[in-house]
Amino acid sequence: MKSALLLVATSGLLMACSGLVPAPEPVISSFNEASVGIQLQGFAMEMASPEVRNAALAAADDQAAGVCRRGPNRRAEFASTRNVPTGQYSYVIERLYLCLR
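Let me begin by describing the structure that accompanies this report. Starting afresh in each chain, residues are numbered from 1 along the sequence in its written order. Note on the predicted model: pLDDT of at least 70 is required for a residue's local features to be given, and 80 or more for side-chain atom pairs to be given and counted; whole-chain, interface and lining totals, by contrast, use all residues. Values reported for side chains reflect all heavy atoms of the structure, with hydrogen atoms and water molecules removed beforehand.

1. Digging into the state of the cysteines
By disulfide we mean two sulfur atoms from cysteines, separated by a distance within 2.5 Å. According to the stated counting rule, one finds one disulfide in the structure shown. The disulfide that involves Cys68 links it to Cys99, with 2.0 Å between the sulfurs. Across the S-S bond of Cys68 and Cys99 the torsion is about -65°, and the bridge reads as left-handed. You can see Cys68 sitting in helix α3 (residues 50-68) and its partner Cys99 sitting in strand β4 (residues 91-100), a full 31 residues away along the chain. The helix and strand labels rest on DSSP assignments: H or I over at least four residues marks a helix, E over at least two residues marks a strand, and numbering proceeds from the N terminus.

2. Thoughts on α3
Residue count minus one, scaled by 1.5 Å, sets the expected span of a helix. Look at α3: 27 Å from first C-alpha to last across 19 residues, which is about the 27 Å you get at 1.5 Å a residue. In what follows, a contact means two residues having at least one pair of non-hydrogen atoms within 4.5 Å. In this structure, the buried side of α3 is in contact with β1 (27-31), β2 (35-41), α2 (42-47), β3 (75-85) and β4.

3. Remarks on the sheet that holds β3
In space, the four strands of this open sheet follow the order β1-β2-β4-β3, with antiparallel pairing throughout. Looking at which strands have only one partner, the edges of the open sheet turn out to be β1 and β3. Averaged over all pairs of adjacent strands, the angle between their axes in this sheet comes to 25°, without regard to strand direction. In this scheme, strands are said to pair when DSSP sees at least two bridges between them. In the sheet, β1 pairs with β2 via four bridges, with the strands oriented antiparallel. Following the sheet pairing, Val27 is matched in β2 by Gln39. To get an axis, fit a line to the C-alpha atoms, keeping to the stretch in contact for a helix; angles then go from 0 to 180 degrees between the N-to-C directions.

4. Examining the packing of aromatic side chains
Side-chain rings of Phe, Tyr and Trp (the six-membered ring for Trp) are treated as a pair once their centres are within 6.5 Å; stacked means planes under 30 degrees apart, edge-to-face means over 60, and tilted covers the remaining angles. One pass over the full model with this rule turns up one aromatic pair. Ring geometry for Phe78 versus Tyr97: centroids 5.7 Å apart, planes at 70°, classification edge-to-face. Of this pair, Phe78 sits in strand β3 while Tyr97 is found in strand β4, placing the two residues 19 residues apart along the sequence. The partly exposed category is assigned to Phe78, whose relative accessible area is 37%. Residue exposure (1.4 Å probe, protein chains only): buried if accessible area is under 20% of the type maximum, exposed if over 50%, otherwise partly exposed. Of the residues examined, Tyr97 reaches a relative accessible area of 2% and is grouped as buried.

Rendered as structure tokens:
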């Protein structure tokens with residue numbers, strides 16, 4: 001049992017060091033037909049390589065565009081970002097998009 005736990009911990013460490021950390025999934029936090037908020041895990045974004053970080057931001061952009069298309073305003077435009085604390089040592093990055101015509 002100890003060897004299996006050690007193997008899992010070692011593989012996780014190697015993945016983190018080699019840049020194979022998966023891109024954080026964007027999560028819709030708010031939508032009111034005029035704007036949409038998308039959240040990404042802050043610590044995961046810090047630990048990710050620049051390529052993975054850019055892929056996560058692109059996924060957030062795509063998700064915001066898809067959500068804005070559902071309302072009367074069809075185009076999503078990035079407006080701002082802020083860090084929202086979720087615990088003593090954790091936070092999420094919230095990206096705000098305006099839904100424009």
